[in-house]
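Here's the letter readout for the chains.
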Amino acid sequence: MRTISAAETAPATYAWSVHAEQLKVKAGRHLAVDGLDLRMQNGVHGLLGPNGAGKTTLMRALATVLRPAGGKLTILGQDVGGRGNLRQARRGLGYLPQEFGFYPRFTVREFVEYMAWLKEMPKHTIPGAAQRAIERVGLTTRADARMKTLSGGMLRRAGIAQAIVNNPLVLLLDEPTVGLDPEQRLDFRELLRDLAVDSCVLVSTHLVEDVVAACTDVLMVNEGRLVFQGDANTLIDHGGPNDAGDSPAERGYSALLRRARNGGVA
Amino acid sequence: MSTHPEPTVLARYAEGDPGLDDAAVWTVESHLETCPDCRARLTGHLTGDTRALLETVAAGIDRGIVAGPAPVRNPRAWSVTGRRWFTVTLAPWLIMTAAMIGCAVLMNVLEPQMPSLVLLLAPVAPLPGVAVAWSRRTDPAWELIAATPAAGLAMLLRRTAVVLAVIMPLLVLAGAYTGTSIALLLAPCLAFTASSIALGALIGVHRAAFVLAALWAAAIVLPTLVTAELPVVLQSGAAPAGWTLVAAVTTGFAVARADLFRRLTSGN
């Protein structure tokens, strides 16, 4: 059993877990996110968009890895756009990059514990929190295997474990379902719903069916701008019988994308 | 904490009085778990049977401890500290630097009339390690680490401390072996390390270390090798004090502008 601190039960003093206004972020010299407005609260948010739409750059900016080139970005009520102190916001963040590196000789448990330590968790809670995170992603039997011996799907799950180890209030997962088999994807959707009860989860993906099945809110970006935000049914409603795609959601996706490319904003 | 039970209740609990109902027993037990004073008071009420039972158990445990295997020392604590302080990516660079210091000592011994190579090498010896201490090119987990609250100047300084903890004893050994002034070896070494971190706040530590090493090679090492005369910055006298001052000023700058290190990836 875990003792709940006063800080955990205190009411939030901010309206949105993630709030971006006219956000601009550069990837190298290219302005990959260009004037994006975004507001997110607790729940699972699916981030859709074609390759090169600025999904990964947006994720990196939200994870406080990249400094925004312009606009305003507030995470958990803390301004993280400028040179302010990022520590408070980072303590409430969990982040799984698209391609994450690791130290190959660490075991899964060592890796998750090391990340928990970097996230400045109280020392005595680290072993328990690491074990819990590893159990939640279903890696218990491989907890003491070295990272270099894991398969692609297992690595992905180890990455998810390090992201959720600190019970983050904002969880950013960039392409978390790559390499997971169909059964694991179902388990992962279950985990997402579970996590979203008390945190804001943003999942970037190419798989429209993942978004429809697991997300309460769908975001679509194109060329660095938000072109759609709404629930899955609204996304489906946008699709007509003549749009490309094999499912209603895919037809909605391609209809929105076509409209965005033609200059209109949904 | 709950209120302390009455002494009479405690005495009836110790005797196993069947008149005490379940709810009262639970209350006493849950209180005893958290209150050492009441546990001490409880021992005063113990009956002869309970004492005999406790003594049998204690004797059994003692026998088990004597007969059983000795406790195994847990090596985990050490390895956890090691993993947190020492980054594996540093190892090859530190080995290379150690080899270069070794070569310089060898040259010194073989060609004693030449200006001391150990002296010329000492300032830039820690720079390869400092350059890779926190850089997105060399740290595979940079993106994960850059998003954590621990990322920042403190982490850079911790990794730099590991580099210095390896390089400085090697320099002291090299200095003692070749008869070079230890102060003239260590003060420039510290000054260059601190300067590359301070300059790194502006252009990235990786780049800063490279720039400073190139400057040192062009401005001091090459002329010295050509003229075979030690420059004034490496002669004993005021030089060590000057280097120490540089180290102090640049460290002060880095600490004062710690906010510049919060996003180490930009420029690294």
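Residues numbered from 1 in each chain as written. Chains lettered and ligands numbered in written order. Predicted model: local features only at pLDDT ≥ 70, side-chain atom pairs only at ≥ 80, totals over all residues. Heavy atoms only, no water.

Asker: How should I be thinking about the UniProt feature "domain: ABC transporter" (unreviewed entry) in chain A in this particular structure?
Answerer: On the UniProt side, "domain: ABC transporter" (unreviewed entry) is annotated at positions that read residues 18-248 of chain A here. In residues 18-248 of chain A, helix accounts for 33% and strand for 26%; the two terminal C-alpha atoms are 29 Å from one another. (UniProt positions renumbered as here; feature names shortened; annotations may be inferred. Helix = DSSP H or I, 4+ residues; strand = E, 2+ residues; numbered from the N terminus.)

Asker: So what exactly am I meant to see when it comes to the domain arrangement of chain A here?
Answerer: Think of interface size as the accessible area that goes away when the parts come together; that is how it is often given. All names here are of chain A. Partitioning chain A into domains gives domain 1 (14-92 + 170-266) and domain 2 (100-167). Here the C-alpha centre of domain 2 lies 25 Å away from the C-alpha centre of domain 1. For the pair domain 1 and domain 2, the summed buried surface comes to about 1100 Å²; carbon and sulfur atoms form 54% of the total. At the junction of domain 1 with domain 2, the criterion picks out 3 salt bridges. Taking the shortest distance from any N to any O, the salt bridge between aspartate 194 and arginine 136 comes out at 3.1 Å. Inspection of the region where domain 1 meets domain 2 yields 6 residue pairs in polar contact (both at pLDDT 80 or more). Residue assignment for the side of domain 1 that touches domain 2 shows that the elements contributing at least two residues are helix 3 (87-91), strand 7 (170-174) and helix 7 (182-195). No other element matches the 5 residues that helix 7 contributes to the side of domain 1 that touches domain 2. Each residue belonging to the side of domain 1 that touches domain 2 can be placed in one class, and the counts come to 8 nonpolar, 2 polar and 5 charged. (Domains from an automatic or database assignment. Buried area = accessible area lost by both parts, 1.4 Å probe. Salt bridge = Lys/Arg side-chain N within 4 Å of Asp/Glu carboxyl O. Polar contact = N/O pair within 3.5 Å; in protein donor to acceptor, adjacent residues only side chain to side chain. Nonpolar A, V, L, I, M, F, W, Y, C, P; charged D, E, K, R; others polar.)

Asker: Could you clarify how one ought to interpret the domain arrangement of chain B in this entry?
Answerer: By domain assignment, chain B separates into domain 1 (7-67) and domain 2 (87-261). Each of domain 1 of chain B and domain 2 of chain B has a C-alpha centre, and the two are 65 Å apart.

Asker: Please clarify how helix 10 (residues 153-178) of chain B should be interpreted in this entry.
Answerer: Here helix 10 of chain B contains 26 residues, and its C-alpha end-to-end distance of 36 Å stays within 8% of the 38 Å for a straight helix at 1.5 Å per residue. Looking one or two residues past helix 10 of chain B, glycine 179 of chain B carries a phi angle of roughly 70 degrees, positive in sign. (Expected span 1.5 Å × (residues − 1).)

Asker: How do you make sense of empty space enclosed by the protein when you look at a structure like this?
Answerer: Where empty space is left in the structure can be found by rolling a water-sized probe over the atoms. Residues and elements named next belong to chain A. Taken as a whole, this structure holds 5 cavities of 30 Å³ or more when the rule is applied. Its volume calculated, the largest cavity comes out at about 70 Å³. Looking at the largest cavity, the residues that line it are Thr177, Arg185, Phe188, Arg189, Leu192, Val203, Thr205, Asp210, Val211, Ala214 and Cys215. Examining the composition of the lining of the largest cavity, we find that 4 residues originate from one element, helix 7, more than from any other. Looking at side-chain class alone, the lining of the largest cavity contains 6 nonpolar, 2 polar and 3 charged residues. (1 Å grid on protein atoms, 1.4 Å probe; cavity = no way out; pocket = protein on both sides within 12 Å on 5 of 7 lines; lining within 4 Å. Points joined across faces, edges and corners; volume = space filled by probe spheres on them.)

Asker: I keep staring at the UniProt feature "transmembrane region" (unreviewed entry) in chain B and nothing clicks. Help me out?
Answerer: Residue and element names in this part refer to chain B. The sites that UniProt annotates as "transmembrane region" (unreviewed entry) are residues 85-110, 116-135, 156-176, 182-202, 209-226 and 238-256. Secondary structure content for residues 85-110 is 85% helix and 0% strand, while the C-alpha to C-alpha distance between its ends is 38 Å. Its end C-alpha atoms 24 Å apart, residues 209-226 is made of 100% helix and 0% strand.

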